[in-house]
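# Descriptive structure summary
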Amino acid sequence: MVQIPKQPAQPAPAQRPVPTSADVARLAGVSRATVSYVLNNTSAVRISEPTRRRVREAAEELGYVPHAAARSLRAGHSRMVLMPAPAVPAGPLYNQFFSELQWALGGLDYTVVQYGSVGLRGDEAARAWAELRPVAVLVPGSGLGPQGVAVLKRAGARAVVTLGPERVEGAHALLMDHDRVGHAAGEHLLARGRRRVGVVIPGEAGLEIFSVPRLDGVRRALRGTDATVTEVPLPYEEEAAARLAARWRSLGLDAVFAYNDEYAMLLMRALQDEGITVPDETAVVGADDLMLGRLLRPRLSTVHIELPSGRDLAELVDRAVREPGGEPETHEVLGARVVHRASS
């Protein structure tokens with residue numbers, strides 16, 4: 001057996017002291033107050049551009065960055081907006097919305113922090129978020145209750161905004177009623193002469209906050225007609241879609257609202273592989289209006305979902321932070337309209 005000789009321990013490199021605003025002030029030849037005004041972008045104090053440039057260059061040379069916690073103590077609140085990570089796959093449409101929101105908040109001088117609340121839900125998660133002392137919290141989905149809102153506000157959050165199907169006492173609410181998505185799809189299929197409509201129910205846990213209202217919307221659109229609605233469970237797997245397509249004709253369906261475009265593409269490919277023609281035998285409608293749906297053959301009919309702009313939501317957050325005593329606002333923000341293409 002070959003032994004590896006032990007190497008002598010190397011002395012740890014001397015740790016450089018953390019640069020302070022006093023160091024920046026000495027290097028730039030200004031006061032610490034001037035350093036604070038420049039690096040915090042304070043507009044209330046007039047400072048010449050050469051001085052601002054000198055301070056920034058000194059901070060960059062020393063590797064100095066302002067201390068967020070100290071700045072929060074001086075201001076009485078932080079500039080952190082906390083966004084809990086969605087507990088379910090958000091999909092391309094919502095990812096784009098959240099990305100736009102983060103850019104807009106950054107433009108208003110907020111720092112957006114996404115929090116992974118693995119294993120935590122509702123009011124229990126709110127206590128974990130409160131430990132970070134955010135100035136605002138944006139909560140996607142459902143689960144947060146009035147007690148959680150109260151915990152966040154006691155910890156200094158000036159704005160709590162929920163994005164979901166229901167209003168929560170004490171919080172600003174952006175109501176996203178996915179019943180409208182299913183209703184638009186159901187009305188479209190009914191108008192196209194379809195009477196035996198299947199509705200895909202995703203097998204992935206957590207998506208029921210979207211899929212159940214969409215199913216209810218289809219049922220509402222077909223209520224009082226001779227059309228029927230059949231739930232069609234489907235995990236997001238090629239094998240599962242192939243098994244479903246193999247018994248599709250036994251279901252007797254002439255149309256399917258496939259929850260969203262991704263499930264619609266999965267199912268449509270499996271149906272075509274089984275020799276089932278779209279839309280002649282089965283019309284297919286998705287939701288989200290993704291670019292890929294336009295590239296399919298036949299092109300995918302879909303429900304175009306209209307979300308609020310990230311800028312509008314960022315301005316709501318900023319307004320609530322500046323006026324924390326105001327009445328919580330409620331806005332219905334989800335619109336839905338069908339884009340008719342060849343698959344239906």
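As shown above, the structure is provided for reference.
Figured I'd write up the structure that's included with this text. (Residues numbered from 1 in each chain as written. Predicted model: local features only at pLDDT ≥ 70, side-chain atom pairs only at ≥ 80, totals over all residues. Heavy atoms only, no water.)

## Some thoughts on the overall build of the protein chain
The test is simple: A run of DSSP states H or I qualifies as a helix once it reaches four residues; a run of E qualifies as a strand once it reaches two. Both are numbered from the N-terminal end. Type-normalised accessible area, obtained with a 1.4 Å probe on protein chains alone, sets the label of each residue: buried when under 20%, exposed when over 50%, and partly exposed for intermediate values. Contacts between residues were defined by any pair of non-hydrogen atoms, one from each residue, lying within 4.5 Å. Each accessible area value is a Shrake-Rupley result obtained with a 1.4 Å probe; residue values ignore everything except the protein chains displayed when judging cover.
Of regular secondary structure, the protein chain possesses 14 helices and 12 strands. Residues classed as buried in the protein chain amount to 45% of the 344 residues present. Taking the contacts inside the protein chain whose residues are at least 6 apart along the sequence as the reference set, 72% of them involve residues at least 24 apart. Carbon and sulfur atoms make up 51% of the accessible area of the protein chain, which amounts to about 18600 Å² in all.

## Some remarks on the packing of aromatic side chains
Using the following cut-off: Two rings from Phe, Tyr or Trp (for Trp, the six-membered ring) form a pair when their centres sit within 6.5 Å of each other. Planes less than 30 degrees apart are called stacked, planes more than 60 degrees apart edge-to-face, and all others tilted. Note on criteria: charge over ring means Lys NZ or Arg CZ within 6 Å of the ring centre, with the direction from the centre no more than 35 degrees off the ring normal.
In total, this model carries 3 aromatic pairs according to the counting rule given. When the centroid spacing of 5.2 Å and the interplanar angle of 50 degrees are considered together, the rings of Phe 97 and Phe 98 count as tilted. A single burial state applies to Phe 97 and to Phe 98, both of which are buried. Cluster of aromatic residues (ring-pair linked, three or more members): Tyr 236, Tyr 259 and Tyr 263. Stacked on the ring of Tyr 110, the Lys or Arg Arg 79 has its end atom at 3.9 Å from the ring centre. Stacked on the ring of Tyr 259, the Lys or Arg Arg 214 has its end atom at 4.9 Å from the ring centre.

## Description of a nonpolar patch on the surface
The following threshold applies: To count toward a patch, a residue needs a relative accessible area over 30% and no salt bridge; like charges are then connected within 9 Å, while nonpolar side chains (Val, Leu, Ile, Met, Phe, Trp, Tyr) are connected within 5 Å. By salt bridge we mean one thing: a side-chain nitrogen of Lys or Arg within 4 Å of a carboxyl oxygen of Asp or Glu.
Together, Met 291, Leu 292 and Leu 295 make up an exposed nonpolar region whose accessible area comes to about 340 Å². You can see Met 291 is positioned in helix H13 (residues 291–295).

## Some thoughts on helix H12 (residues 261–273)
Under the convention used in this document: Here the expected length of a helix is defined as 1.5 Å per residue gap, with one fewer gap than residues. Here a polar contact means two N or O atoms within 3.5 Å. Within protein one must be a hydrogen donor candidate and the other an acceptor candidate, and residues neighboring in sequence count only if both atoms are side-chain atoms.
Over its 13 residues, H12 extends 18 Å from the first C-alpha to the last, a length consistent with the 18 Å expected when each residue adds 1.5 Å. Among all positions in H12, only Asp 261, Tyr 263, Ala 264, Met 265, Leu 266, Leu 267, Met 268, Ala 270 and Leu 271 are buried. The opening residue of H12, the one whose side-chain oxygen lies 3.1 Å from the backbone nitrogen of Glu 262, is Asn 260. Positioned one or two residues after H12, Gly 275 has a phi angle of 85 degrees, which is positive.

## A few points about the packing of helix H8 (residues 179–191) against helix H9 (residues 208–222)
The condition that has to hold: To obtain each axis, a line is fitted to C-alpha atoms, and for helices this fit is confined to the stretch in contact; angles are then taken between N-to-C directions over 0 to 180 degrees. To sort the angles, those under 35 degrees are grouped as roughly parallel, those over 145 as roughly antiparallel, those from 65 to 115 as roughly perpendicular, and the leftovers as oblique. Here a crossing is called left-handed whenever its near helix is offset anticlockwise from the far helix by less than a right angle, and right-handed whenever the offset is clockwise. Polar here means any residue outside two lists: the nonpolar Ala, Val, Leu, Ile, Met, Phe, Trp, Tyr, Cys and Pro, and the charged Asp, Glu, Lys and Arg; Gly therefore counts as polar.
Packing of H8 against H9 brings their axes to within 6 Å, and their N-to-C directions diverge by 40 degrees. Taken together, the axes of H8 and H9 lie oblique to each other. Handedness of the crossing formed by H8 with H9: right-handed. On the side of H8, the interface is formed by Asp 179, Val 181, Gly 182, His 183, Gly 186, Glu 187 and Leu 190, while H9 contributes Pro 213, Arg 214, Asp 216, Gly 217, Val 218, Arg 220, Ala 221 and Leu 222. Looking at the contact of H8 with H9 residue by residue, the class counts come to 6 nonpolar, 4 polar and 5 charged.

## Description of the pairing of strand E3 (residues 136–140)
For clarity, the cut-off: For two strands to pair, DSSP has to find at least two bridges joining them.
E3 sits mainly inside the fold: 4 of its 5 residues count as buried. Bridging between strand E1 (residues 80–84) and E3 involves 2 bridges; their strand directions are parallel. In the strand pairing of E3, Val 81 is matched with Ala 136. Strand direction decides the pairing type here: E3 and strand E4 (residues 159–164), joined by 5 bridges, are parallel. Considered in E4, the bridge of Val 137 is made with Val 160.

## What about the packing of helix H10 (residues 238–246) against H12?
With their axes 8 Å apart at the nearest point, H10 and H12 run at an angle of 50 degrees to one another. On the basis of the axis angle, H10 is oblique to H12. For the pair H10 and H12, the crossing hand works out as right-handed. Each of Glu 238, Ala 241, Ala 242, Leu 244 and Ala 245 in H10 lies in contact with H12, whose residues at this interface are Leu 266, Leu 267, Ala 270 and Leu 271. The class makeup of the residues in the contact of H10 with H12 is 8 nonpolar, no polar and 1 charged.

## Section: unusual backbone geometry
Note that the residue after Val 278, namely Pro 279, is joined by a cis bond; omega there is 10 degrees. Examined against the element boundaries, Pro 279 turns out to sit in the loop between H12 and strand E9 (283–287). Cis geometry is found at the peptide bond from Arg 297 to Pro 298, where omega equals 0 degrees. For Asp 288, which is not a glycine, the phi torsion comes out positive at approximately 110 degrees. Within the secondary structure layout, Asp 288 lies in the loop between E9 and H13. The exposure class assigned to Asp 288 is buried, which follows from its relative accessible area of 9%.

## Considerations on the environment of Tyr 115
For Tyr 115, the position within the fold is in strand E2 (residues 111–115). Each C-alpha atom, one on Tyr 115 and one on Ala 128, is 9.5 Å from the other, the two residues being 13 residues apart in sequence. Setting aside chain neighbours within four positions, we find Tyr 115 in contact with Leu 82, Met 83, Pro 84, Ala 85, Ala 128, Trp 129 and Leu 132.

## Regarding the sheet that holds E9
The strand order across the open sheet formed by 6 strands is E7-E6-E8-E9-E10-E12, and the pairing between neighbours is mixed. Single-partner strands in this sheet number two, and they are strand E7 (228–234) and strand E12 (335–339). In this sheet, neighbouring strand axes are inclined to one another by 20 degrees on average, regardless of whether the strands run parallel or antiparallel. For strand E6 (residues 196–202) and strand E8 (residues 255–257), the ladder comprises 3 bridges, and the chain directions are parallel. Within E8, the residue paired with Val 197 across the bridge is Ala 255.

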